[in-house]
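Fold and geometry: a report
Residues per chain, in single letters:
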Amino acid sequence: MKLMIAKYPQENQTVQKISTFLRNTKGWALSSNDQMYLILHVWRVTHREN
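One structure accompanies this document, and this report is about it. In this convention, every chain numbers its residues from 1, walking through the sequence in written order. Where totals are concerned, whole chains, interfaces and linings use all residues; where local detail is concerned, this predicted model gives features only for residues with pLDDT of at least 70, and gives and counts side-chain atom pairs only at 80 or more. Where side-chain values are given, they derive from all heavy atoms of the structure, hydrogens and water being excluded.

Things to note about helix α3 (residues 32-46)
Spelled out, the test is: Think of it this way: any DSSP run of H or I at least four residues long counts as a helix, any run of E at least two long counts as a strand, and we number them from the N terminus. Here the expected length of a helix is defined as 1.5 Å per residue gap, with one fewer gap than residues. Burial classes follow relative accessibility: with a 1.4 Å probe on protein chains only, a residue under 20% of its type's maximum area counts as buried, one over 50% as exposed, and anything between as partly exposed. To be clear, the arc concerns the directions from the helix axis to the C-beta atoms. A contact between two residues is defined here by any heavy atoms of the two lying within 4.5 Å.
For α3, with 15 residues, the first-to-last C-alpha span of 21 Å sits near the 21 Å given by 1.5 Å per residue. Looking only at α3, the buried set comprises Gln35, Ile39 and Val42. Buried residues of α3, viewed axially, fall in a sector of 70 degrees; they line one side. Opposite the buried face of α3, at more than 90 degrees from it, the exposed residues are Asn33 and Tyr37. Lining the buried residues of α3 we find α1 (2-7) and α2 (9-26).

In structure tokens, the structure reads:
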């Protein structure tokens, strides 16, 4: 997980905001595996070429 955070710091910030939102509004806690998946997914979506 540390490597993912170091490699994708902006995406990690986004995932932390998503995690906080889900915890505060739904009471859901994201596992570290969920967070890693979301980091990669956010990176993929934001670096998509048209």
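Re the nonpolar core
Rules: Joining through side-chain atoms within 4.5 Å is the link that ties buried Ala, Val, Leu, Ile, Met, Phe, Trp, Tyr and Cys residues into a set, and such a set is a nonpolar core.
Within the largest apolar cluster, five residues are counted, these being Met4, Tyr8, Val15, Ile39 and Val42. With sequence-adjacent residues up to four places away left out, Val15 is seen in contact with Gln35, Leu38, Ile39 and Val42.

What about the environment of Tyr8?
Turning to its location among the elements, Tyr8 is positioned in the loop between α1 and α2. Sequence separation of Tyr8 and Trp43 is 35 residues, and the distance between their C-alpha atoms is 7.7 Å. Once you skip the residues sitting within four places of it in the chain, Tyr8 turns out to touch Ile39, Leu40 and Trp43.

Side note on α2
With 18 residues, α2 should cover 26 Å at 1.5 Å per step; its first-to-last C-alpha distance of 25 Å lies within 8% of that length. Contacts made by the buried residues of α2 are with α1 and α3. The first or second residue beyond α2 is Gly27, which carries a positive phi of 75 degrees.

Structural notes on the packing of aromatic side chains
Definition in use: When two rings of Phe, Tyr or Trp (its six-membered ring) have centres within 6.5 Å they constitute a pair, described as stacked for plane angles under 30 degrees, edge-to-face for angles over 60, and tilted for the intermediate range.
In total, this model carries one aromatic pair according to the counting rule given. Taking 6.1 Å as the distance between ring centres and 55 degrees as the angle between the ring planes, the aromatic pair formed by Tyr8 and Trp43 counts as tilted. Of this pair, Tyr8 sits in the loop between α1 and α2 while Trp43 is found in helix α3, placing the two residues 35 residues apart along the sequence.

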